[in-house]
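# A structural walkthrough
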Amino acid sequence: MAERGIDRRRLLTVCGLSLGLAALPTGARAAASPPGPRPRRAGATWENIIEKSSFGSWAAFDQEWNRLYPWDGDADTHNGAALMHADQIALSGGVLTLTATRLAAAQGTSPHAPHAPLWYRSGAVHAKELILVDDQFPEYDIEGEFSAQTGPGVWPAFWTTGEWPAWPPESDILEYVGDSTNLFNTWNKTSSGDEGEESGGDHFVTRAKVPVADPAAWHTYRVWMYKQGPDVMIDYYLDGTWVATHRGRNWAGVPQRLIINLQMGSYASGLDGPGDAGWAGQLPGPTGDTLLRARNVWAGRTRAW
């Protein structure tokens, strides 16, 4: 969900064919054999910071989540064409639903680059608890089941990002940008050395691209973060299958926010700015409602003392 000046369409070009659930990822560091679920560190105490039941009621939700984005001053916008509203967030039967609705006219423009006209009304939530991988909390496990509608103009995400305005770090656990390929992205300020890493000038990104046959079906997206010196290693999983391991360079000790949002338009419509055809109307994109649903979202960590 990064917004820095970057040729997003070039970076999001996907080659390959969807094979069942997922094709082999690209842009990931090669491994001799995919790791299984990593064992917790000996002597460490495990604690949950987000319970799977947090979408079971508004009382449970309010204990662990906040509405909208976590940034101060403009918590209802980001780098797409959606203006976030609390009334686009719904709970039912343990499922969180974010709904993006096409408006009759744009409601201004986003203050975030590339300053898209706000043609959609949508929803975002973020966890109250910060993600902070350090000596005290050396491991984090973050997971959720999601049903994501995808296609041109649709940009759902489940991600972590540096406490605003610090960026990067960023880890995209679920991100579909205009098509049905999930992007497991890791954004760094300095080069991680990961195979396939690309430079955007003031940042570096490594991504594993996984075509998913039916993102609107329920799938499980997971990241396991663990401290390695000043860095944080990031294992990505889809439906229990390891996808890639990336390095978060100098992430240790840097607080991050956990966000679920349904962004729209902008890069998901293949648009980089006002010079592109379709910019004023943020099209292509859905003309009706679009849904992102989540359930059993969970996060835990080890405490070393």
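Predicted model, so just to flag it, every value in this text is computed and none were measured. (Residues numbered from 1 in each chain as written. Predicted model: local features only at pLDDT ≥ 70, side-chain atom pairs only at ≥ 80, totals over all residues. Heavy atoms only, no water.)

Scanning the chain for helices and strands turns up two helices and 18 strands. Expressed as a percentage of the 305 residues in the chain, the buried residues total 55%. Across the chain, every contact between residues at least 6 apart in sequence was considered, and the portion connecting residues at least 24 apart equals 72%. Element-wise, carbon and sulfur atoms account for 53% of the exposed surface of the chain, whose accessible area totals about 11,400 Å². (Helix = DSSP H or I, 4+ residues; strand = E, 2+ residues; numbered from the N terminus. Buried < 20%, exposed > 50% of the residue type's maximum accessible area, 1.4 Å probe, protein only. Contact = heavy atoms within 4.5 Å. Areas by Shrake-Rupley, 256 points an atom, 1.4 Å probe, with all protein chains shown as cover.)

All right, on to the sheet that holds strand 11 (residues 181–188) then. Spatially, 2-7-17-9-10-11-13-12 is the arrangement adopted by the eight strands of the open sheet, whose pairing is antiparallel. Only two strands of the sheet have a single neighbouring strand rather than two, namely strand 2 (65–67) and strand 12 (198–199). Sheet analysis places strand 9 (residues 154–162) next to strand 10 (residues 170–175), joined by five bridges and oriented antiparallel. Bridging across to strand 10, phenylalanine 158 finds its partner in leucine 174. (Pairing = 2+ DSSP bridges.)

Let us now look at the side chain of arginine 207. Looking at where arginine 207 falls in the secondary structure, it is placed in strand 13 (residues 204–211). For the buried arginine 207, which has no salt bridge, the nearest side chain bearing the opposite charge is glutamate 198, at an N-O separation of 5.1 Å. Here the side chain of arginine 207 touches asparagine 185 through a polar contact of 2.9 Å, side chain to side chain. (Lys, Arg positive; Asp, Glu negative; His and termini not counted. Salt bridge = Lys/Arg side-chain N within 4 Å of Asp/Glu carboxyl O. Polar contact = N/O pair within 3.5 Å; in protein donor to acceptor, adjacent residues only side chain to side chain.)

Attention now moves to the environment of threonine 150. Looking at the secondary structure, you find threonine 150 in the loop between strand 8 (139–148) and strand 9. Sequence-wise, threonine 150 and glycine 178 are 28 residues apart; in three dimensions their C-alpha atoms are separated by 6.4 Å. If we ignore the near neighbours within four places in the chain, the residues touching threonine 150 are Tyr176, Asp179, Ser180 and Pro215.

Judged by how many residues are buried, strand 9 sits mostly within the fold: nine of nine residues are covered. Where strand 9 lies against strand 17 (residues 256–264), nine bridges are found, and the strand directions are antiparallel. Across the sheet, proline 156 pairs through a bridge with leucine 262, a residue of strand 17.

Turning our eyes to something else, we now look at the environment of glycine 178. Secondary-structure assignment places glycine 178 in the loop between strand 10 and strand 11. Judged by its relative accessible area of 16%, glycine 178 is buried. The spatial distance from the C-alpha of glycine 178 to the C-alpha of valine 154 is 5.2 Å, given a sequence separation of 24 residues. When sequence neighbours within four positions are dropped, the list of residues in contact with glycine 178 reads Gly151, Pro152, Gly153, Val154 and Ala268.

Another point: the nonpolar core. Trp65, Leu96 and Ile260 are the most contacted members of the largest nonpolar core, which has 67 residues in total. Every residue in contact with isoleucine 260, bar those within four places of it in the chain, is listed here: Phe55, Trp65, Leu96, Leu98, Ala124, Val125, Phe146, Ala157, Phe158, Leu292 and Val297. (Core = buried A, V, L, I, M, F, W, Y, C linked by side-chain atoms within 4.5 Å.)

With that settled, the discussion passes to the pattern of salt bridges. In a structure, side chains of opposite charge can pair up when their charged atoms sit close to one another. Using the criterion set out here, one finds eleven salt bridges in the structure. Residues aspartate 87 and arginine 121 are paired through a salt bridge, measuring 2.7 Å at the closest nitrogen-oxygen approach. Highlighted residues: aspartate 87 in the loop between strand 3 (82–84) and strand 4 (89–92) and arginine 121 in strand 6 (residues 120–122), separated in sequence by 34 residues. Since its relative accessible area comes to 53%, aspartate 87 is described here as exposed. Arginine 222 is paired through a salt bridge with aspartate 141; the nearest N and O atoms lie 2.8 Å apart. Linking arginine 222 in strand 14 (residues 219–228) with aspartate 141 in strand 8, this pair joins segments that are 81 residues apart in sequence. Just as arginine 222 is buried, aspartate 141 falls in that class too. A single salt-bridge network, built from bridges that share partners, covers Glu47, Glu129, Arg301 and Arg303.

Okay, the pairing of strand 14 next. As a general feature of sheets, a regular strand has side chains that alternate between the two faces. Burial within strand 14 is extensive, with seven of its ten residues counted as buried. Across eight bridges, strand 8 lies against strand 14 in antiparallel orientation. Opposite phenylalanine 146, over in strand 14, you have histidine 219 as the bridge partner. Pairing of strand 14 with strand 15 (residues 231–238), which is carried by eight bridges, proceeds in the antiparallel orientation. Paired with tyrosine 226 across the two strands is methionine 233, which belongs to strand 15. Connecting the antiparallel pair strand 14 and strand 15 is a turn made up of two residues, with glycine 229 showing a positive phi of about 65°.

For the rest of this paragraph, the subject is unusual backbone geometry. Here the bond from tryptophan 167 into proline 168 is cis, since omega is -20°, no more than 30 degrees from zero. Residue position: proline 168 is located in the loop between strand 9 and strand 10. Of the consecutive residues leucine 283 and proline 284, the connecting peptide bond is found in the cis state with omega at 15°. Look at histidine 115: it is not a glycine, yet its phi comes out positive at around 60°. Within the secondary structure, histidine 115 sits in the loop between strand 5 (95–102) and strand 6.

Everything listed is a geometric property; what it means functionally is a separate question.
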